[in-house]
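# Fold and contact review
Read off the chains here:
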Amino acid sequence: MNDLPRFSWSDVCARRLHRHALTTPSKSATPADIAAAMASTHAQVMSAAELGIAMRIDGATRLDVRAALWTERSLVKTFGLRGTVHVMPARDLSLWVGALSALPASANVMPKDIRLTPDQTEQVVAAVAAALDDAELTIDELTEAVVDHAGAWAGDLVMEAFQDKWPRWRQAMHLTGIRGVLCFAPNRGRKVTYTNPRRWLPGFEPADADTALAWLVRSYLSAYGPSTPQRFAHWTGTQATWARELFGSLDDELQQVEVEGDLAWVVAGDLDVPAARPHGVRLLPYFDGYAYRVGNQPPALLYPGRAAERVLPGNFQILLVDGAVAGLWHQRRSGKRIDITVEPLGTLGAAQLDDLDRQVERVGEILEAQPRLTIGPVTVGSHA
């Protein structure tokens, strides 16, 4: 490994913060550009996705993200990595669908008497595609349409779900998004609706598997690299053996490097390291911090000391100081006011507290609210 380009973990962190527009918010990027730079954005909690994208763009608010989704349609909200809800650039949807459809299928953990057969799964995908071809439907309306198209079995209430029962077909709902026949549409009042992305993207077709998988590896390494097949497997929810074979098939497009004695990979020629080291305070919303962890660095480096016990086990809104997790934060909104409580796991100096104040003000600006900061319960340095 003596002849390989060398990176420190500080270099890796600096690259990542810079590319995710966390070092300095971008003055020119669009919401779609940010989602692309992050290799898609978690959106289980849509307000968190709005905050995470907007905070990376100088002067943006949640309204800009909503406009990108529902007016410009430069973003698409759908089921992505690991079958979870993500926001991704509309321009990349064909590649995302091609890549996600080509990932090895995970084991079906449903009880045998509940799970869909392969033929039933294909019937559900076809039914959803037909139902949403020229419509925006709530989940109840979509269920009725799927049952009408596929048969009564699709509506059997057999899935345990939040002290309720869901119809059988919904175990394939995430697959309909991955196959590119379903995405989220604007809410109808308080109700979520779904549609077919082909309504908004004329000519949309999934990219072929080889092209899409190569693109997915490059996108991942651009956002999170240097990294390894094992971490790519974690990110995609696949097996490390398969990921190693995929990386091996892309030998001409990738380049090996050394990260503090360990082998890692980057896109060939992508060796830039920002001159500025990770510095400053950032408030990452729900799932943003989770993506920060899943994407790359070993937890011991990203969650030093007490952070490994207090923050790592859960999905929290995290306090980032100089690129490492240094606490967590909470928010509670009441009308136009938003109360933000930050819990640092160590002492914050005066400069860091000033930086925190600016972050809190920025959160308020993005969410169109008047923020009020409380720090505790850990003792912090005096705020001069």
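Now for a look at the structure at hand. Predicted model only: the values in this text are computed from it and were never measured.

Our next topic: the overall build of the chain. In terms of regular secondary structure, the chain is built from 15 helices and 16 strands. Against the globule reference of 21 Å for 384 residues, the chain gives a C-alpha radius of gyration of 22 Å, in line with a compact fold. For the chain, the spread of C-alpha atoms along the principal axes amounts to about 65 × 60 × 40 Å. The buried share of the chain, taken over its 384 residues, is 52%. Partitioning the contacts of the chain with sequence separation of at least 6, the portion at a separation of at least 24 is 65%. The chain carries 38 positive and 44 negative side-chain charges, and their two centres are separated by 6 Å.

Before going further, it helps to spend a moment on the sheet that holds strand β16 (residues 370–375). Pairing is mixed across the open sheet formed by five strands, whose spatial order is β12-β13-β14-β15-β16. The sheet is open, and its two borders are formed by β12 (281–284) and β16, each paired with just one other strand. Mean inter-strand twist for the sheet, computed between neighbouring axes without regard to direction, equals 25°. When strand β14 (residues 324–334) meets strand β15 (residues 337–344), the two strands line up antiparallel, connected through eight bridges. Pairing of R332 across the sheet is with D339, part of β15.

Residue placement: R66 occurs in helix α4 (residues 62–70). Taking the relative accessible area as the measure of exposure, R66 reaches 31% and is therefore partly exposed. Separated by 68 residues in sequence, R66 and D134 place their C-alpha atoms 22 Å apart.

What follows is about the packing of helix α9 (residues 209–224) against helix α11 (residues 240–249). The N-to-C vectors of α9 and α11 enclose an angle of 95°; their axes lie 10 Å apart at closest approach. Judged on the interaxial angle alone, α11 and α9 are roughly perpendicular. Facing α9, whose interface residues are L213, V217 and L221, α11 presents W242, L246 and F247. When grouped by side-chain class, the residues that make up the contact of α9 with α11 number six nonpolar, no polar and no charged.

The rules behind each value
Residues numbered from 1 in each chain as written. Predicted model: local features only at pLDDT ≥ 70, side-chain atom pairs only at ≥ 80, totals over all residues. Heavy atoms only, no water. Helix = DSSP H or I, 4+ residues; strand = E, 2+ residues; numbered from the N terminus. Rg over C-alpha atoms; globule rule 2.2 N^0.38 Å. Buried < 20%, exposed > 50% of the residue type's maximum accessible area, 1.4 Å probe, protein only. Contact = heavy atoms within 4.5 Å. Lys, Arg positive; Asp, Glu negative; His and termini not counted. Charge placed at Lys NZ, Arg CZ, Asp CG, Glu CD. Pairing = 2+ DSSP bridges. Axes fitted to C-alpha atoms, helices over the stretch in contact; angles between N-to-C directions. Parallel < 35°, antiparallel > 145°, perpendicular 65-115°, else oblique. Nonpolar A, V, L, I, M, F, W, Y, C, P; charged D, E, K, R; others polar.

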